[in-house]
Amino acid sequence: MNKIKIGFDGRHFLGSGGIDRYSRELLKALVHIYPEYDFNLFTIRRKEKLFYPLFPQTNNIHIKAGFLHHFMLGNQVEPLLRYINNTYFFQKSMSNCDLYHCTNPFFYCQTTTPSVITIHDVFPFYEEEWTRNFLGKNTDRIRNIFYRGIHDSRAIITPTYTVKKELLEYIPDIAAEKVFVTYEAGDFTPINDVSLLQQYNIKSSDTYFFHVGRFDPRKNLLGILDAFALLRDSLPQTERDSLRFVYAGKVGKEDESTFQKKIQELNLGDSFLYIHGANDMVISTLFMNAQGFVFPSYAEGFGLPVLEAMHCGCPVITSNTSCLPEIAGDAALYVNPYDIHDIAHAMNQLLHNNSLRAELQQKGYIQTAKFSWKRCAQETHQAYQFALR
């Protein structure tokens, strides 16, 4: 039997971001479950050696590492490198493929081959200030790339029904039957190495709340810090001295001054710890020892860290908006992300109500068990079959 050859976009594959983790874990599951598929995995040149350990004893993955990094020569040259990639390296890698799966719509490449595109969220179509701030002058160009990929593709994948609903509202000429919801998973390996906490000067007597993710206005980190300062200032000195907030993520150069200004304005001092470049082992340990995970985003496409926290037994505070209730179910404390008093109140509940923490931990284990990359692969397979009809 002839195998079905699929071009799979792996340019965002090895990092810790949501799209990277989605692409990596999905492909690992697809390769294991569907031996009838043969994958051409596209990636940046000179990175192929990093991929082989992810797919040991696998003969249906072929690494195509010819792409140039779009930003290797700076922002001004990015459109030219994008053009070279799309018109030469991509077309070369797609030769003899039966299907193309674009996992990152920001880098969609046009092709005459039947295609599937994953739309992780529809934030480029939002008019909120944080969308414009994040995309800047590229907003219209990125919207056009999204439109092209969405209309070209035979099947569209969204991570939640919330995103599917929004997509059909923003682009109503899409046929609903070609939009497939494929839930992701939060099977973050629970590792608890308390020696890692000591390396970051987190004492065993410290009580801390935790947030992970890049610095992005949509993630509401500044609001979280405002809420933490409210909580801290409401506590007696004995509790205040041992209370900390730990943030593991990445703050870009363009946001560094805003970030530091907020820390100084709130006089956080030693009560705030910023960890840059944390690996999965560190993040897992931080989840497992935190008083709670604070994730009141203004909007999410899926909210993968919510499930990762639950998988590690960490109680979750998250927003009552967007897709987050769809993903967290009854296993989280919900807050209005625009109300720092509401966020501070939820943190105070986790700080002083151990029975509530225990209840959320147990509900979290039950909730996260509903999601798996195997299920995601099976639902993705349905989208592939639809596109190949």
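Look up a bit, the structure's there.
## Quick look at the overall build of the chain
Here comes step 1: Check the secondary structure of the chain and you find 15 helices and 13 strands.
Here comes step 2: Across its three principal axes, the chain shows a C-alpha extent of roughly 70 × 40 × 40 Å.
Here comes step 3: Relative to its full complement of 389 residues, the chain shows a buried share of 56%.
Here comes step 4: By sequence separation, contacts in the chain at least 24 residues apart represent 67% of the contacts at least 6 residues apart.
Here comes step 5: In the form shown here, the chain has an accessible surface area of approximately 17,500 Å², with 50% of it arising from carbon and sulfur atoms.
Here comes step 6: Averaging the coordinates of the 39 positive side-chain charges in the chain and doing the same for the 41 negative ones gives two points 7 Å apart.

## Structural notes on the packing of aromatic side chains
Here comes step 1: By the definition in use, this model includes 29 aromatic pairs.
Here comes step 2: Taken together, the aromatic side chains of Phe106, Phe123, Phe125, Tyr126, Phe146, Tyr147 and Tyr170 make up a single cluster linked through ring pairs.

## Considerations on the layout of surface pockets
Over the atoms, a rolled probe matching the size of one water molecule traces out where space is still vacant.
Here comes step 1: Here the second largest pocket defines a volume of roughly 190 Å³.
Here comes step 2: If you trace the second largest pocket, you find it lined by Asn201, Lys203, Asp206, Arg232, Arg240, Asp241, Leu243, Arg244, Asn267, Leu268, Asp270 and Ser271.

## Considering the pattern of salt bridges
Here comes step 1: All told, the structure shown has 15 salt bridges when counted by the stated rule.
Here comes step 2: The network of salt bridges with common partners includes Arg214, Asp216, Arg218, Lys219 and Glu300.

## Quick look at unusual backbone geometry
Here comes step 1: Its identity is not glycine, yet Gln57 carries a phi of approximately 55 degrees, on the positive side.
Here comes step 2: Relative to the elements of secondary structure, Gln57 occurs in the loop between strand S2 (37–44) and strand S3 (61–67).
Here comes step 3: Looking at Gln57, the relative accessible area reads 87%, which means it is exposed.

## Description of the nonpolar core
General note: in soluble globular proteins, nonpolar side chains tend to be found buried as a group.
Here comes step 1: Counting 66 residues, the largest nonpolar core has Phe39, Phe210, Leu286 and Phe287 as the members making the most contacts within it.
Here comes step 2: The leading source of residues in this core is helix H15 (residues 373–387), at seven residues.
Here comes step 3: Phe210 has contacts with Phe245, Val246, Ala248, Ile283, Leu286, Phe287, Ala290, Gly292, Phe293 and Val294, leaving out every residue within four places of it along the chain.
Here comes step 4: By size, the runner-up hydrophobic cluster in this structure holds 31 residues, among which are Tyr247, Phe272, Ala346 and Leu350.

## A closer look at helix H1 (residues 18–33)
The α-helix advances 3.6 residues per turn, and as a result positions three or four apart in sequence lie on the same side.
Here comes step 1: End to end, H1 covers 22 Å across 16 residues, agreeing with the expected 22 Å (1.5 Å per residue, within 8%).
Here comes step 2: A large share of H1 lies buried, amounting to 12 of its 16 residues.
Here comes step 3: All of the buried residues along H1 are Ile19, Asp20, Arg21, Tyr22, Ser23, Arg24, Glu25, Leu26, Leu27, Ala29, Leu30 and Val31.

## Overview of the sheet that holds strand S12 (residues 316–319)
Here comes step 1: In space, the six strands of this open sheet follow the order S10-S9-S8-S11-S12-S13, with parallel pairing throughout. The open sheet is flanked by strand S10 (272–276) and strand S13 (333–335), the only strands paired with a single partner. With strand direction ignored, the average angle separating the axes of adjacent strands in the sheet is 25 degrees.
Here comes step 2: In the packing of helix H11 (residues 304–311) onto the sheet, contacts are made with strand S8 (207–212), strand S11 (292–295) and S12, and the angle to S11 comes to roughly 175 degrees.
Here comes step 3: Across the sheet, helix H13 (residues 340–352) is in contact with S8, strand S9 (243–249), S11, S12 and S13; its angle to S13 comes to roughly 160 degrees.

## Quick look at the pairing of strand S5 (residues 115–118)
Here comes step 1: Covered by surrounding structure in S5 are Ser115 and Ile117 together with Val116 and Thr118, the residues of both alternating faces.
Here comes step 2: Of the strand pairs in this sheet, strand S4 (residues 99–102) and S5 are connected by three bridges, and their pairing is parallel. In the sheet register, Cys102 faces S5, and the bridge partner there is Ile117.
Here comes step 3: Relative to strand S6 (residues 155–158), S5 is paired through three bridges, and the arrangement is parallel. Counterpart to Thr118 in the pairing with S6 is Ile157.

## What to know about the pairing of S4
Here comes step 1: Because side chains alternate across S4, one face comprises the buried residues Leu99 and His101, and the other comprises Tyr100 and Cys102, equally buried.
Here comes step 2: Of the pairings in the sheet, the one linking strand S1 (residues 4–9) to S4 comprises three bridges and is parallel in character. Each bridged residue has a counterpart across the sheet, and for Phe8 the counterpart in S4 is His101.

## Section: the packing of helix H7 (residues 221–234) against H13
Here comes step 1: At their nearest, the axes of H7 and H13 sit 8 Å apart, and the two run at 55 degrees to each other. On the basis of their axis angle, the class for H7 and H13 is oblique. For H7 against H13, the interelement crossing comes out right-handed. In this structure, H7 contributes Gly223, Asp226, Ala227, Phe228, Leu230 and Leu231 to the contact, and H13 contributes Ile340, His341, Ile343, Ala344, Met347, Asn348 and Leu351.
Here comes step 2: In terms of residue class, the contact of H7 with H13 is made up of nine nonpolar, three polar and one charged.

Calculation criteria
- Residues numbered from 1 in each chain as written.
- Predicted model: local features only at pLDDT ≥ 70, side-chain atom pairs only at ≥ 80, totals over all residues.
- Heavy atoms only, no water.
- Helix = DSSP H or I, 4+ residues; strand = E, 2+ residues; numbered from the N terminus.
- Buried < 20%, exposed > 50% of the residue type's maximum accessible area, 1.4 Å probe, protein only.
- Contact = heavy atoms within 4.5 Å.
- Areas by Shrake-Rupley, 256 points an atom, 1.4 Å probe, with all protein chains shown as cover.
- Lys, Arg positive; Asp, Glu negative; His and termini not counted.
- Charge placed at Lys NZ, Arg CZ, Asp CG, Glu CD.
- Phe/Tyr/Trp six-rings, centres within 6.5 Å; stacked < 30°, edge-to-face > 60°.
- 1 Å grid on protein atoms, 1.4 Å probe; cavity = no way out; pocket = protein on both sides within 12 Å on 5 of 7 lines; lining within 4 Å.
- Points joined across faces, edges and corners; volume = space filled by probe spheres on them.
- Salt bridge = Lys/Arg side-chain N within 4 Å of Asp/Glu carboxyl O.
- Core = buried A, V, L, I, M, F, W, Y, C linked by side-chain atoms within 4.5 Å.
- Expected span 1.5 Å × (residues − 1).
- Pairing = 2+ DSSP bridges.
- Axes fitted to C-alpha atoms, helices over the stretch in contact; angles between N-to-C directions.
- Parallel < 35°, antiparallel > 145°, perpendicular 65-115°, else oblique.
- Left-handed = near helix turned anticlockwise from the far one by under 90°.
- Nonpolar A, V, L, I, M, F, W, Y, C, P; charged D, E, K, R; others polar.

Geometry only, nothing functional implied.
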